[in-house]
Amino acid sequence: MKRKIKDSVYGHMATVTKALGNPKRLEIIDLLSQGEKSVELLAEQAELGIKNASAQLKELKAARLVESRKDGKYVYYKLSDPQVARFWVELSKFSRNRIAEIEQLLSLAIGQADVLEKIDRETLLKRAKSGDVILLDVRPEDEFSTAHLPFARSIPITALKARLKDLPKSKMIVAYCRGPYCFYAKDAVDFLRKNGFKAEQLKDSVHDWASEGLPVETFCTPTYPMKGKI
């Protein structure tokens, strides 16, 4: 009897690991950590066909990592629980620590140091609050609306060229996006520098920031506790 119970427990746990054992499903988890998305939008952002995206989401739903709702002819997905986003952050950190090739690939793609190697997060937040630094969120507007860093300004990467006039050249601009596997912030920094702006990249995602106990602005109860007021 005890053996059967143990086998059953490990079997249920394997359902989760099986669901995560696919690169595209991991990317979908990463995308959904930014907020609720339709199947069509997930397919576009993960560069999948609609049928393939639906199949991957079905596996994630079976493992109770995501949940869905229907609105007219569209189906929307979100993470089933804030703990899934927290798990994703920890899995990402663990993988980067265990597999050196991940950091090597990211270094090749990004090719520049994180601004937080020079300044800690709480100091950055204080400087953003005072207006000394412009904290720029270059994700799509719906992701910014779901959750963003305090004092951040939303200018999606697709709108950056048209809205350059809204940014001051006299101040440092720190751009961030979905985290270390998203290149929007890197592209924004390159574009800003080419146009005479002082710019740096923040590799943190909103969930990376929150996992350190720092405040995040959302339309719901904060997922993580704050370490202290800024």
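Attention in this report is confined to the structure presented alongside it. Numbering of residues begins from 1 in every chain and follows the order in which that chain's sequence is written. Per-residue local features are limited, in this predicted model, to residues with pLDDT of at least 70; the limit for side-chain atom pairs, both in listing and counting, is 80 or more; totals at the level of whole chains, interfaces and linings are taken over all residues. To get the side-chain values, all heavy atoms of the structure are used, and hydrogens and water are removed first.

### Here we look at the overall build of the protein chain
Here's step 1: Here a helix means four or more residues in a row that DSSP labels H or I, a strand means two or more in a row labelled E, and each is numbered from the N terminus. Helix and strand counts for the protein chain come out as 10 helices and 9 strands.
Here's step 2: When checking whether two residues touch, look at their non-hydrogen atoms; a contact exists if any pair is within 4.5 Å. For the protein chain, contacts bridging at least 24 residues in sequence account for 63% of all contacts bridging at least 6.
Here's step 3: Exposure was quantified through the Shrake-Rupley algorithm and a 1.4 Å probe, taking into account, for residues, occlusion by the shown protein chains and nothing else. About 13,100 Å² of surface is accessible on the protein chain, with carbon and sulfur atoms providing 54% of the total.

### So, empty space enclosed by the protein
Here's step 1: Points on a 1 Å grid over protein atoms alone make up a cavity when a 1.4 Å probe fits among them but cannot get out, and a pocket when they form an open set with protein on both sides within 12 Å along at least five of seven lines; lining residues each have an atom within 4 Å of a point. Grid points are joined across faces, edges and corners, and a volume is the space filled by probe spheres set on the points. On inspection of all chains with the given rule, the structure shows 2 cavities of 30 Å³ or more.
Here's step 2: Along the walls of the largest cavity sit 14 residues, with Asp-30, Trp-88, Arg-178, Ser-205 and Asp-208 positioned nearest its centre.
Here's step 3: For the lining of the largest cavity, the secondary structure elements donating two or more residues are α5 (82–98) and α10 (206–211).
Here's step 4: Residues that form the lining of the largest cavity fall into these classes: 4 nonpolar, 6 polar and 4 charged.
Here's step 5: For the second largest cavity, the full set of lining residues is Leu-20, Ile-29, Leu-65, Val-84, Phe-87 and Trp-88. When residues are grouped by polarity, Ala, Val, Leu, Ile, Met, Phe, Trp, Tyr, Cys and Pro land in nonpolar, Asp, Glu, Lys and Arg in charged, and all others, Gly among them, in polar.

### Brief notes about the environment of Trp-88
Here's step 1: Mapping Trp-88 onto the fold places it in helix α5.
Here's step 2: Sequence-wise, Trp-88 and Ser-33 are 55 residues apart; in three dimensions their C-alpha atoms are separated by 8.2 Å.

### Section: the layout of surface pockets
Here's step 1: Roughly 750 Å³ of internal volume is contained in the largest pocket.
Here's step 2: In terms of lining, the largest pocket is formed by 28 residues, of which the most central are Glu-27, Asp-30, Leu-31, Tyr-181 and Cys-182.
Here's step 3: With 5 residues, the single largest contributor to the lining of the largest pocket is helix α2 (residues 23–32).
Here's step 4: Broken down by class, the residue content of the lining of the largest pocket amounts to 17 nonpolar, 4 polar and 7 charged.

### Considerations on the environment of Ala-175
Here's step 1: Looking at where Ala-175 falls in the secondary structure, it is placed in strand β7 (residues 172–176).
Here's step 2: Here the term buried applies to any residue with accessible area under 20% of the maximum for its type, exposed to any over 50%, and partly exposed to those in between, with areas from a 1.4 Å probe on protein chains only. Ala-175 sits in the buried class, given a relative accessible area of 0%.
Here's step 3: Those residues in contact with Ala-175, other than ones at most four positions away along the chain, are Leu-136, Ala-185, Ala-188, Val-189, Glu-200, Gln-201 and Leu-202.

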